[in-house]
Amino acid sequence: MTTFDKREQGFEAKFAHDEELMFKAAARSNKLLGLWAAGELGLSGDAAAAYATKLVTDSLANRTMDETLNKVSSDLTAKGISREQVAQKMQECLHQALAQLEAVSRQA
């Protein structure tokens, strides 16, 4: 195997790792966002967990971040929560999810 082949293999491995990390971060972020939104909607217990789980599974079914943002925003409009507030919370959840995944990887 040449040096070029080894570099290519390394780049492919890093790309696969980064894609897996972003997939996990997006799923975890959507769950955190879903739990927050459920609380804002007055849901608790199983209802809150179901709302968060549905948000994650819907996003895995080819839903973009914008579509997820639109769904949560429309759910929270009646509560007086703006799209911008939901977008800000979505960013916070993504940062929190990345931090959680980083902490898990350090423990492993």
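For the structure, check the block above.
Rules behind the numbers
Residues numbered from 1 in each chain as written. Predicted model: local features only at pLDDT ≥ 70, side-chain atom pairs only at ≥ 80, totals over all residues. Heavy atoms only, no water. Helix = DSSP H or I, 4+ residues; strand = E, 2+ residues; numbered from the N terminus. Rg over C-alpha atoms; globule rule 2.2 N^0.38 Å. Buried < 20%, exposed > 50% of the residue type's maximum accessible area, 1.4 Å probe, protein only. Contact = heavy atoms within 4.5 Å. Areas by Shrake-Rupley, 256 points an atom, 1.4 Å probe, with all protein chains shown as cover. Lys, Arg positive; Asp, Glu negative; His and termini not counted. Charge placed at Lys NZ, Arg CZ, Asp CG, Glu CD. Core = buried A, V, L, I, M, F, W, Y, C linked by side-chain atoms within 4.5 Å.

### Some thoughts on the overall build of the protein
Phase 1: Per the secondary structure count, the protein includes four helices and zero strands.
Phase 2: Sequence-ordered secondary structure for the protein, helices as α and strands as β, is α-α-α-α.
Phase 3: A globule of 108 residues ought to have a C-alpha radius of gyration of about 13 Å, yet the protein, at 17 Å, is considerably larger.
Phase 4: For the C-alpha atoms alone, the extent of the protein along its principal axes is close to 60 × 30 × 20 Å.
Phase 5: Counting across all 108 residues of the protein, residues that qualify as buried make up 26%.
Phase 6: Within the protein, residue pairs in contact and separated by at least 24 positions form 58% of the contacts whose partners lie at least 6 positions apart.
Phase 7: Accessible surface computed for the protein: about 7300 Å², of which carbon and sulfur atoms make up 56%.
Phase 8: Each charge class in the protein can be summarised by its mean position, and for the 13 positive and 15 negative side chains these summaries are 4 Å apart.

### Some thoughts on the nonpolar core
Note that soluble globular proteins tend to have their nonpolar side chains buried in a common cluster.
Phase 1: Of all hydrophobic cores here, the largest spans 15 residues; its most connected members are Leu 33, Ala 37, Tyr 51, Val 72, Leu 76 and Val 86.
Phase 2: Contributing elements (two or more residues each) for this core: helix H1 (3–40), helix H2 (45–60), helix H3 (65–76) and helix H4 (83–107).
Phase 3: Ignoring anything within four residues of it in the chain, the contact list for Val 72 reads Leu 33, Ala 37, Tyr 51, Leu 55 and Val 86.

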